[in-house]
Amino acid sequence: MTTTTPAAAAAQGTQEIQGAGHVDVLIVGAGVSGIGAAHHLREQFPDRTFVILDAQDNRGGTWWTHRYPGVRSDSDLFTYGYRFKPWRGPSIAAGEEILAYLDEVIDEDDLDQHIRYQHRVTAAIWSTDDRRWTVEVTRGDTGQQLRYTTGFLWMCQGYYNHAKPYRPRWEGMDRFQGVIVHPQRWPEDLNLAGKRVVVIGSGATAATLIPAIADQAEHVTMLQRSPSYYLAPPTTHELALTLAPLDLPDEWMHEILRRQYMLQQDWLALTAREAPEELHTFLIESMRPLLPEGFDIDRHFAPRYRPWQQRIAVVPDGDLFAVLREGKASIVTDTIETFTEHGIRVSSGEEIPADIVVTATGFTMSVLGDVVFTVDGEPVDFTERVTWRGIMISGLPNMAYVFGYFRHSWTLRVDLVSDLVCRLLANMQDKGATMVVPTLRPQDTDMPLRPFADPENFNPGYVMRSQHILFKQGDREPWTHMLEHDQERDILPKADLDDGTLAYR
C-alpha cells in the first residue's frame, strides 16, 4: 500500500501514516470478547505476539459505553463470566462489578501492556502475496494515523456502533422544552429529582433504568409501542444460598452454578423452539403475582411475537414490577403521535407530561466495526459473503470474529469460538500454512443464501433494520450461524477443520 505523501496529507488535513509494527495476531476490541480471546491466545500460544486495539478510552466495551443509572447484566454472571475465571458475586451484577471482574482478568494475564486505547480501526487490507493484513488506525486522542500489520486478524469489537446509538425521529421533537437523552449517551450531571420522566422502549435497558431512577423522579412512565417478555429471577440463585454454608472453593461454586444456569437457559431455548405457547404461559403467569391487582397484563405484558423471537428482559427480584406496585412508575402501551412542548401525545389522544424523555430505543448494528475491508485490491461487499460457523467469512483469509449468543450468555460463545480459533491456528502451524480462507465447495456454490437472521427465528428491531448491510448464511453446515449453546457446545469442539471448506496455503 502506498503511504500518503506529506503534500497530500497536508491537503487532506491529515498526518502521514506511521508504521506501528507487526504482530502475529491483532485483536480488535477490549471488551468481554477481546479480553477473553486474548486470554485463550496467551494460554495456547504464549510465544505469539499480539496487540489489542480499542476505539474507546478504556476497557469493557458495552460496560464502558453504558453508564446510565442501574446498568447491569441481563444474563447471569456464572455463564456471562468466563469459563476460566470464577465469578464470586451475585448472579446478576452491576456494570461496575463486571468492569472490576474484567480488570482482574487483565491484571492476571498481564494484558495491559498489549492494549492500545483510543485506537480506532478504519481499514483492513489483505495481501495474499505478503500473507498479512495491513490495519489502518486513527488515534482518538492525537488524530495520528497508524499502520499495523498482522498475520491473523481477530475481530472482537461486538455488534453495534458505540458512537452512534439508534435515535428515531418523532414529530414535534424540536418543540419539546424538556431534555431528551439516550442511555448510550447518559449525561453525568442529569438531575432527575422531582422530574417527570418518560422512558420510550420496553427492552432490557428500559427495564433496568426505570427501577433505578424511580426513587429520584417524581414519576416514571414506560412508553412502549408493544410489550416485551420479562423474567424475574432472584438476584442470588437459591442454589447459591443452599451451598453457601458449605464454604466450597470458588472454582466449585462457579462450576456448579454455571451448570445450573446453563440448564435453565437450555430449557428456555428448547421450550421456545418446541413449545412456545407453554413458555408464553409460564412467563405471563410468573409475572401476574408481581403486578398490581387488576393490572392489564394482556395489554402491557403480552407480546405479539413468540417467546425468544426477541430477547427476554431480566428483571432481578422483579424490581420493575415493584415500582409499578408502589405507583412510582406506570406503563402506557401506544404509539407516539407527536411530542408537545411539555410531553408526548400518543395515538389515543392522551398527553403524557414529561420533563425528561429517555429514548431507550436500542442501538445501531455495524458489520465488523464498520471497518472497510479489502482483499487483494478488491473491496469486500459483506452482503455477498456467507458466514463459516459464525466465526469466519467466506473469501476473507486469516480473519475470525466473535459473535455471542442472543438466547444464552454472550460469553459462553466467546470461550467456544476462542477454542476453535486456537485449534485453527494450531492446524495451520502443523500444516506449515500461512493462509486459511473459508471457501465454498463445488456442492455449496449454488446453495440458497439466507438472511443474517431469519425473522421467524429472531427478529428484534436492531437486527431487522440492519439485514441489508449484513453478511448472509447458507442452508447447510458449516455456512450457518445463530445456533444455540446446547447445540454448539457439542458441534464446535468436534468441527472438522479439514472438511474442504477451509483452504490452506
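Remember, it's a predicted structure, so these values are computed and weren't measured experimentally.

Criteria and thresholds
Residues numbered from 1 in each chain as written. Predicted model: local features only at pLDDT ≥ 70, side-chain atom pairs only at ≥ 80, totals over all residues. Heavy atoms only, no water. Phe/Tyr/Trp six-rings, centres within 6.5 Å; stacked < 30°, edge-to-face > 60°. Buried < 20%, exposed > 50% of the residue type's maximum accessible area, 1.4 Å probe, protein only. Lys NZ or Arg CZ within 6 Å of the ring centre and 35° of its normal. Helix = DSSP H or I, 4+ residues; strand = E, 2+ residues; numbered from the N terminus. Contact = heavy atoms within 4.5 Å. Pairing = 2+ DSSP bridges. Axes fitted to C-alpha atoms, helices over the stretch in contact; angles between N-to-C directions. Left-handed = near helix turned anticlockwise from the far one by under 90°. Nonpolar A, V, L, I, M, F, W, Y, C, P; charged D, E, K, R; others polar. Parallel < 35°, antiparallel > 145°, perpendicular 65-115°, else oblique.

Caption draft 1: Focus on the packing of aromatic side chains. Applying the stated rule across the entire model yields 31 aromatic pairs. Taken together, a centroid distance of 6.0 Å and an interplanar angle of 90° make the contact between Tyr159 and Tyr160 edge-to-face. Both residues of the pair, Tyr159 and Tyr160, count as buried. By way of ring pairs, the aromatic residues Tyr159, Tyr160, Phe363, Tyr401, Phe403, Phe406, Trp410, Phe452, Phe458, Tyr462 and Phe471 are connected into one cluster. Sitting over the face of the ring of Tyr405, Arg413 holds its NZ or CZ atom 6.0 Å from the ring centroid. Note that Lys431 overlies the ring of Tyr504, its terminal NZ or CZ placed 5.0 Å from the centroid.

Caption draft 2: Up close: the side chain of Thr134. Along the chain, Thr134 turns up in strand S5 (residues 132-139). Taking relative accessible area as the criterion, Thr134 reaches 15% and is therefore assigned buried. Excluding residues that lie within four positions of it along the chain, Thr134 makes contacts with Ala123, Ala124, Ile125, Arg147, Tyr148 and Thr149.

Caption draft 3: Molecular detail of the sheet that holds strand S9 (residues 219-224). Spatial ordering of the open sheet is given by S7-S16-S8-S9-S12, a layout of five strands whose pairing is parallel. At either end of the open sheet lies a strand with only one pairing partner, and these are strand S7 (179-181) and strand S12 (329-333). In this sheet, adjacent strand axes meet at a mean angle of 20° when their direction is disregarded. Of the strand pairs in this sheet, strand S8 (residues 196-200) and strand S16 (residues 356-359) are connected by four bridges, and their pairing is parallel. Bridged to Ile200 within S16 is Thr359.

Caption draft 4: Representation of the packing of helix H2 (residues 32-44) against helix H12 (residues 410-431). As a packed pair, H2 and H12 sit with axes 9 Å apart at the nearest point and diverge in direction by 35°. Of the two possible hands of crossing, H2 and H12 adopt the one that is right-handed. Note on element contacts: H12 touches H2 through Trp410, Thr411, Val414, Asp415, Ser418, Asp419, Cys422 and Leu425, opposite Val32, Ser33, Gly36, Ala37, His40, Leu41 and Gln44. Residue classes in the contact of H2 with H12 are distributed as seven nonpolar, six polar and two charged.

Caption draft 5: Examining the packing of helix H8 (residues 250-274) against helix H14 (residues 485-494) more closely. The N-to-C vectors of H8 and H14 enclose an angle of 110°; their axes lie 9 Å apart at closest approach. In terms of orientation, H8 and H14 fall into the roughly perpendicular class. Residues Met262, Asp266 and Arg273 of H8 lie in contact with H14, whose contacting residues are His485, Asp486 and Arg489. Partitioned by chemical class, the residues of the contact of H8 with H14 number one nonpolar, one polar and four charged.

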